[in-house]
Structures are given as C-alpha cells and as structure tokens.
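Listed below, chain by chain, are the residues.
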Amino acid sequence: MNGQISAPARSNFGVQTLGEIIDGKAFAANLLSTITAEVAKLPFKPGLAVVLVGDDAASRVYVANKIRTTEQAGMLSVHHRLGADTTQAELLALVARLNADPNVHGILVQLPLPKHLNADEVINTIHPDKDVDGLTVVSAGRLASGLPGLVSCTPLGCLLLLQDHLADLSGLNAVVLGRSNLVGKPIAQLLLQQNCTVTIAHSKTRDLAALCKTADILIAAVGRPEMVRGDWIKPGATVIDVGINRVAAATPGKTKLVGDVAFAEAAPLAGFITPVPGGVGPMTIACLLRNTLTAARRIEKIER
Ligand code: GUN
C-alpha cells in the first residue's frame, strides 16, 4: 500500500479488494507451530484442563477441537465431561481441584453452562493465574490496570493480527462495535494500551455509520450478520470482523457463515480485512494455547 486510494488492487475470495485479505488461518497455523516448538524446549508439559458440562452439540465440537489442538502442540490435555445434572457445588469442587493440581496450568470451563448453573461464580472460582480464557473479574481488572495477566483469546487474536499487518498502532482511531465483556471491552483495552484513540460503540450509539467512517481500525463484534455496510468504511481502513453468524445460503435448505461486516461491500475499500470464516476464528484456539504456555511459564517461573 502506498497510501493512495486508487483502483482495486487484488482479487481474493472472489472479491476485488483495495488492500489485502488477512489470512487468519495461516497466521494461526504459524503461531501454533511456534508454540509447539517452545513447548518442546520446556522441561515439563504445560497442562490445559477443559471442562464440558451437558450436551450442547456446538460446545462438544469446540471442546474436541481444543483437546486435539492441545495434544498436537505437545501439551497435556486434561478433560472432564460432566452430565447436564451436575450441581453447582460439584462443579465448584472440580474447579478447586484443578486450581490445586500442579500438572494443570490453564483451566477452561466451556460456555454456555446449563441454565441451572451460575456461570459467573464458576468462572470466578478459576485461579486468575490459570484463567487462560481471561474471563475472571481479576483478569479483566489486570487488563484494565495494565498489569500482567491473561487476556481473552479472541481479543488477543485480533491484536496479534493487527500488529502483524500494521506494526505500530499508535495514534490510530479505533472504533469497536460491541461492548461485551468477552470481546468488545477487552479489545478496547488492548487497543488503548497500544496508544490508539478508542471509541466503543453499541446499540444506543448515534449515527453509527458516520462514526465507523472515522475509524482507521474498525472492529465488529456485535453478532449481527453483515450489519457493517461498505459505505461505513473509511478508505484504507483495517477491518477486523469478529462475527460468526449462520444464515440461509442462496441454495434452498443450505446455510453459510457470514461475519458482522458485509464483506463484498467492505473489501473493495478496506486496506486490510479479515474474512469469515478464516479470519479471526482460527486465532482463538491458537491464542488459548499461547495463553496456556504463558501461564505455565509464569507458574513454573521459567525465564523467557
Ligand atoms: N464458548 C464459546 N466460546 C467460548 C470461549 O472462548 N470460552 C469459553 N469458556 N466458552 C466458550
């Protein structure tokens, strides 16, 4: 990119783009091989415990993926599958045992939990130093205060992609669409740490389109299919689409995944843009293992 806005430069994913489509899948694969090499140098195996409660079909697929990737990276994978009738006390006791287990450096309780369980209490029972999901109140506080801690995987994945493509984020205007504890708020904190000027937009924000058009970095994390239109994009902006929405495809009876950004409209204008699928999604699991490695090094006091 030479900073000039001219004719669309490339064709990727069947769409003319001004800039470049960010290949999250390739970046995540690279990150996983670096993590695997780092794990092999350690005198112990970092351990990741994953807890699945109940029979949610999507959660089962996600957890199977996490277990497989953990093992492929040479880490110890500890998994607990509990019945849908598990009590709060039983689940809290399991988390307490994992907190005390010296072979376990990271703990992830897969969400959503069955409705009768109090997820906040369960998550906040995880020891913050083993909170590889970055979901505890202590992890959120450490992030907001600029203290060392563990950062939620999807926001961390977004930051790594941004740094890889833009290098220095200092002084850039960032607009984050969405204010969830899981994505919007931690991404905003990370961008602030990188000296971006950050605006968090939400359902009550006025003139969202005009606000988005001021963004050098636009993060969409609202869970609304293709809400961000092409004319919301500042030419040359970097667009990170966190949305994963399943919608009806053109073929009757078929579905497809789309993001929160209307990709075909936005890509011709963006300097960099993540696709869905294949953008932010693959980064989440890679960052889970990166967090597990970080937690293991800190707990075992291994110098880098
Ligand atoms: N369910 C869907 N995504 C996630 C995640 O990132 N962490 C946890 N714990 N549960 C999830």
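Scroll up a little and you will see the structure.
Residues numbered from 1 in each chain as written. Predicted model: local features only at pLDDT ≥ 70, side-chain atom pairs only at ≥ 80, totals over all residues. Heavy atoms only, no water.

**Some details on the state of the cysteines**
Logical step 1: On inspection of all chains with the given rule, the structure shows 0 disulfides.
Logical step 2: With no disulfide of its own, Cys-287 lies 6.4 Å from the sulfur of Cys-153, the closest cysteine sulfur.
Logical step 3: Classification of Cys-287 as buried rests on a relative accessible area of 0%. (Disulfide = S-S within 2.5 Å. Buried < 20%, exposed > 50% of the residue type's maximum accessible area, 1.4 Å probe, protein only.)

**Digging into the site of the ligand**
Logical step 1: If you check the shell around the ligand, you find Leu-108, Val-109, Gln-110, Leu-111 and Asp-133 and nothing else.
Logical step 2: A distance of 3.1 Å is found between a nitrogen atom of the ligand and a side-chain nitrogen or oxygen belonging to Gln-110.
Logical step 3: A distance of 2.8 Å separates a nitrogen atom of the ligand from a polar atom in the backbone of Leu-111.
Logical step 4: Notes on the ligand: free accessible area 280 Å², of which the protein chains cover 76%.
Logical step 5: Of the residues assigned to the shell around the ligand, the class counts are 3 nonpolar, 1 polar and 1 charged. (Near = heavy atom within 4 Å. Polar contact = N/O pair within 3.5 Å; in protein donor to acceptor, adjacent residues only side chain to side chain. Areas by Shrake-Rupley, 256 points an atom, 1.4 Å probe, with all protein chains shown as cover. Nonpolar A, V, L, I, M, F, W, Y, C, P; charged D, E, K, R; others polar.)

**What about the sheet that holds strand 4 (residues 47-53)?**
Logical step 1: The 3 strands lie next to each other as 5-4-6, forming an open sheet whose pairing is parallel. In this open sheet, the two strands that pair with only one neighbour each are strand 5 (76-82) and strand 6 (106-109). Ignoring which end each strand starts from, the neighbouring axes of this sheet average 15° apart.
Logical step 2: Alignment of strand 4 against strand 6, held across 4 bridges, turns out to be parallel. Counterpart to Val-50 in the pairing with strand 6 is Leu-108.
Logical step 3: Strand contacts of helix 3 (residues 88-100): strand 4, strand 5 and strand 6, with the helix running at about 175° to strand 4, the strand carrying the most contacts. (Pairing = 2+ DSSP bridges. Helix = DSSP H or I, 4+ residues; strand = E, 2+ residues; numbered from the N terminus. Axes fitted to C-alpha atoms, helices over the stretch in contact; angles between N-to-C directions. Contact = heavy atoms within 4.5 Å.)

**Observations concerning the sheet that holds strand 7 (residues 173-177)**
Backbone-to-backbone hydrogen bonds join strands into a sheet, with any given pair of strands oriented parallel or antiparallel.
Logical step 1: Read from one edge of the open sheet, 6 strands run 3-13-10-9-7-8, paired in parallel fashion. Among the strands making up the open sheet, the edge pair consists of strand 3 (20-21) and strand 8 (197-201).
Logical step 2: The pairing of strand 9 (residues 217-220) with strand 10 (residues 238-241) spans 4 bridges and is classified as parallel. Bridged to Ile-217 within strand 10 is Thr-238.
Logical step 3: On the sheet, helix 6 (residues 153-166) packs against strand 3, strand 9, strand 10 and strand 13 (272-273) and is oriented at approximately 155° with respect to strand 10.
Logical step 4: Set on the sheet, helix 7 (residues 184-193) makes contact with strand 7, strand 8 and strand 9; between it and strand 7 the angle comes to about 170°.

**A closer look at the environment of Lys-234**
Logical step 1: In this fold, Lys-234 is placed in the loop between strand 9 and strand 10.
Logical step 2: For the pair Lys-234 and Leu-211, spaced 23 residues apart in sequence, the C-alpha separation works out to 9.9 Å.
Logical step 3: The contact partners of Lys-234, leaving out residues within four places of it in the chain, are Lys-213, Thr-214, Ala-215, Asp-216 and Leu-269.
Logical step 4: Separated by 2.7 Å, the side chains of Lys-234 and Asp-216 make a polar contact.

**Things to note about the packing of helix 6 against helix 7**
Logical step 1: Where helix 6 meets helix 7, the axes come as close as 9 Å, and the angle between the chain directions of the two elements is 35°. Helix-helix and strand crossings are classified by hand; for helix 6 and helix 7 the assignment is right-handed. Residues Pro-155, Leu-156, Cys-158, Leu-159 and Leu-162 of helix 6 pack against Pro-186, Ile-187, Leu-190 and Leu-191 of helix 7.
Logical step 2: Considering only residue class, the contact of helix 6 with helix 7 consists of 9 nonpolar, no polar and no charged. (Left-handed = near helix turned anticlockwise from the far one by under 90°.)

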